[in-house]
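Spelled out, the chains give:
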Amino acid sequence: MNQTSSPRIAFIGGGNMASAIIGGLIGRGVPVDHITVVEPFEAARAALQTKFGITALHTASAALAGQDLVVWAVKPQSFKDAATPVAAHTAQALHLSVAAGITTDSIAQWLGTPRIVRAMPNTPALVGKGMTGLFARPEVNAQGQALIERVIGSTGQFLWVDAEDKLDAVTAMSGSGPAYVFLFLEAMTQAGVDMGLTADQSYQLAVATFQGATELAARSDESASVLRERVTSKGGTTYAAITHMQQTELPQHFIAALRKAEARAKELAAEFGK
Ligand SMILES: NC(=O)C1=CN([C@@H]2O[C@H](COP(=O)(O)OP(=O)(O)OC[C@H]3O[C@@H](n4cnc5c(N)ncnc54)[C@H](O)[C@@H]3O)[C@@H](O)[C@H]2O)C=CC1
Ligand SMILES: O=C(O)[C@@H]1CCC=N1
């Protein structure tokens, strides 16, 4: 994105997710003075200053008028309160929410505009390897969708879903998913230590294995199950481990856990969307 075509973008909430997107935008050449952030928390404002040279506003003001896009990066429970002072200045803007669970119906009601895209990003966006699910209300035109793709594309991959409730599945998969991977990394590292390796050695082995295996899956035309079978010699070591995982129903427990995340996304909408 160059200087002349750079949109003006405001962020409401300047925490982890906002920082990931801001980092992506700056990396793609969006000038810092095209980015406005409202962030009430002093330490978070200081972090934005140090990291990006952005002086965030501590409260909504007329500086929010004339923005092309407003990105909502507050916690679901803070959204409604955050919306009231902002809505007065931003009725003309396109809005992008990354808040888990909060529906565009609620957001449209709070902001007084239906021009809303809902996104479910994930934290690998911090290193440009994010995966974001997107849903646009019908009032968002192709130009609006293209702007969203430029912004979110600066943080990694994205995909559009055609029904808003599918974002609950996206949340359970890629939104929360990095935490599942980190849990597996922790468990693999512990196993390595139990078998006599150092914690550093174990962690390196675990992280490199995830990196390598997922890169292989991404580049391969074969399914994950075929790739798995290629590692698994009959009666060998992988067979011993996978058999134990199947006998103890690890895959079923994993699937059930994702359904819990999906259910929680729906609960959040009911809880904080009123
Ligand atoms: N962390 C994650 O992996 C993901 C988070 N999300 C969503 O992103 C949103 C933000 O999450 P994080 O960045 O992790 O949280 P965070 O806590 O790092 O950032 C939220 C920021 O909003 C600020 N804030 C609170 N009240 C405000 C107000 N009235 N006006 C403006 N700012 C206000 C807080 O001070 C805080 O710095 C959440 O809704 C979450 O559901 C979505 C996908 C992944
Ligand atoms: O745990 C959460 O509610 C948010 C949404 C996806 C990742 N973090």
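Keep in mind the model is a prediction, meaning the values are calculated, not measured. Residue numbers run consecutively from 1 along every chain, following the written order of its sequence. The order in which chains are written sets their letters, starting at A; the order in which ligands are written sets their numbers, starting at 1. Totals for whole chains, interfaces and linings use every residue, but because this is a predicted model, local features are given only for residues with pLDDT of at least 70 and side-chain atom pairs only at 80 or more, for both listing and counting. For the side-chain quantities, the full set of heavy atoms in the structure was used; hydrogens and water were omitted.

Some remarks on the pairing of strand E7 (residues 156–160)
A regular strand carries its side chains on alternate faces of the sheet.
Moving on, step 1. Alignment of strand E6 (residues 130–136) against E7, held across five bridges, turns out to be parallel. When the bridges of E7 are listed, Gly133 appears paired with Leu159.
Moving on, step 2. Taking the sense of rotation as the criterion, the β-α-β connection linking E6, helix H5 (residues 142–153) and E7 turns out right-handed. Should DSSP find at least two bridges between two strands, the strands are taken to pair. A run of H or I in DSSP becomes a helix once it reaches four residues, and a run of E becomes a strand once it reaches two; helices and strands are each numbered from the N terminus. With strands facing away from the observer, any crossover in which the path from the first strand over the helix to the second runs clockwise is taken as right-handed.

Quick look at the site of ligand 2
Moving on, step 1. A cutoff of 4 Å decides nearness: a residue is near a molecule or strand if any of its heavy atoms lies inside that distance of it. Taken together, Ala100, Gly175 and Ser176 make up all the residues around ligand 2.
Moving on, step 2. Only the protein chains shown count as covering a residue, and every accessible area follows the Shrake-Rupley method with a 1.4 Å probe. For ligand 2, whose free accessible area comes to 240 Å², the fraction covered by protein is 47%.

Some words on the packing of aromatic side chains
Moving on, step 1. In summary, the pairing rule links any two rings of Phe, Tyr or Trp, Trp by its six-membered ring, whose centres are within 6.5 Å, and it sorts them by plane angle into stacked for under 30 degrees, edge-to-face for over 60 and tilted for everything else. In total, this model carries four aromatic pairs according to the counting rule given.
Moving on, step 2. Considering the side-chain rings of Tyr180 and Phe254, the 5.8 Å spacing of their centres and the 85° angle between planes classify their relative orientation as edge-to-face. Here Tyr180, found in helix H7 (residues 177–194), pairs with Phe254, found in helix H11 (residues 250–272); they are 74 residues apart in sequence, far enough to count as distant.

With respect to the pattern of salt bridges
Moving on, step 1. In what follows, salt bridge is the name for a side-chain nitrogen of Lys or Arg lying within 4 Å of a carboxyl oxygen of Asp or Glu. Scanning all chains against the criterion turns up 10 salt bridges.
Moving on, step 2. For Arg219, the salt bridge identified is with Glu215, shortest N-O distance 2.8 Å. Of this pair, Arg219 and Glu215 both sit in helix H8 (residues 199–219), four residues apart, which is roughly one turn of the helix.
Moving on, step 3. A residue is classified by how much of its surface remains accessible, and Arg219, at 68% relative accessible area, is exposed.
Moving on, step 4. Where salt bridges share partners, they join Asp105, Arg137 and Glu139 into one cluster. Working definition: with a 1.4 Å probe on protein chains only, accessible area under 20% of the residue-type maximum means buried, over 50% means exposed, and in between means partly exposed.

Remarks on the side chain of Arg137
Moving on, step 1. Tracing the chain through its elements places Arg137 in the loop between E6 and H5.
Moving on, step 2. Polar contacts involving the side chain of Arg137 include one to the side chain of Asp105, which spans 2.9 Å.
Moving on, step 3. Here, residues are in contact when the closest pair of their heavy atoms is within 4.5 Å. Sequence-distant contacts of Arg137, defined by excluding residues within four places in its chain, comprise Thr104, Asp105, Ala108, Pro114 and Ile116. Definition of a polar contact: a pair of N or O atoms within 3.5 Å, with one able to donate and the other able to accept a hydrogen when the atoms are protein atoms, and with sequence-neighbouring residues admitted only if both atoms are side-chain atoms.

A look at the pairing of strand E2 (residues 35–38)
Moving on, step 1. Burial along E2 is two-sided: the face carrying Ile35 and Val37 and the face carrying Thr36 and Val38 are both buried.
Moving on, step 2. The sheet contact formed by strand E1 (residues 9–12) and E2 spans four bridges and is parallel. Its bridge partner being in E2, Ile12 is matched across the sheet by Val38.
Moving on, step 3. Handedness of the crossover joining E1 and E2 through helix H1 (residues 16–27): right-handed.

Considering the site of ligand 1
Moving on, step 1. Contacts to ligand 1 come from 22 residues, most closely from Asn16, Met17, Glu39, Val74 and Ala100.
Moving on, step 2. Met17 is positioned such that a nitrogen or oxygen atom in its backbone is 2.8 Å from an oxygen atom of ligand 1.
Moving on, step 3. For ligand 1, the accessible surface in isolation is 830 Å², of which the surrounding protein chains cover 78%.
Moving on, step 4. Top contributing element to the shell around ligand 1 by residue count: helix H3 (residues 76–87), with three residues.
Moving on, step 5. Of the residues contributing to the shell around ligand 1, the split by class is 15 nonpolar, five polar and two charged. Residues were grouped as follows: Ala, Val, Leu, Ile, Met, Phe, Trp, Tyr, Cys and Pro as nonpolar; Asp, Glu, Lys and Arg as charged; and all remaining residues, including Gly, as polar.

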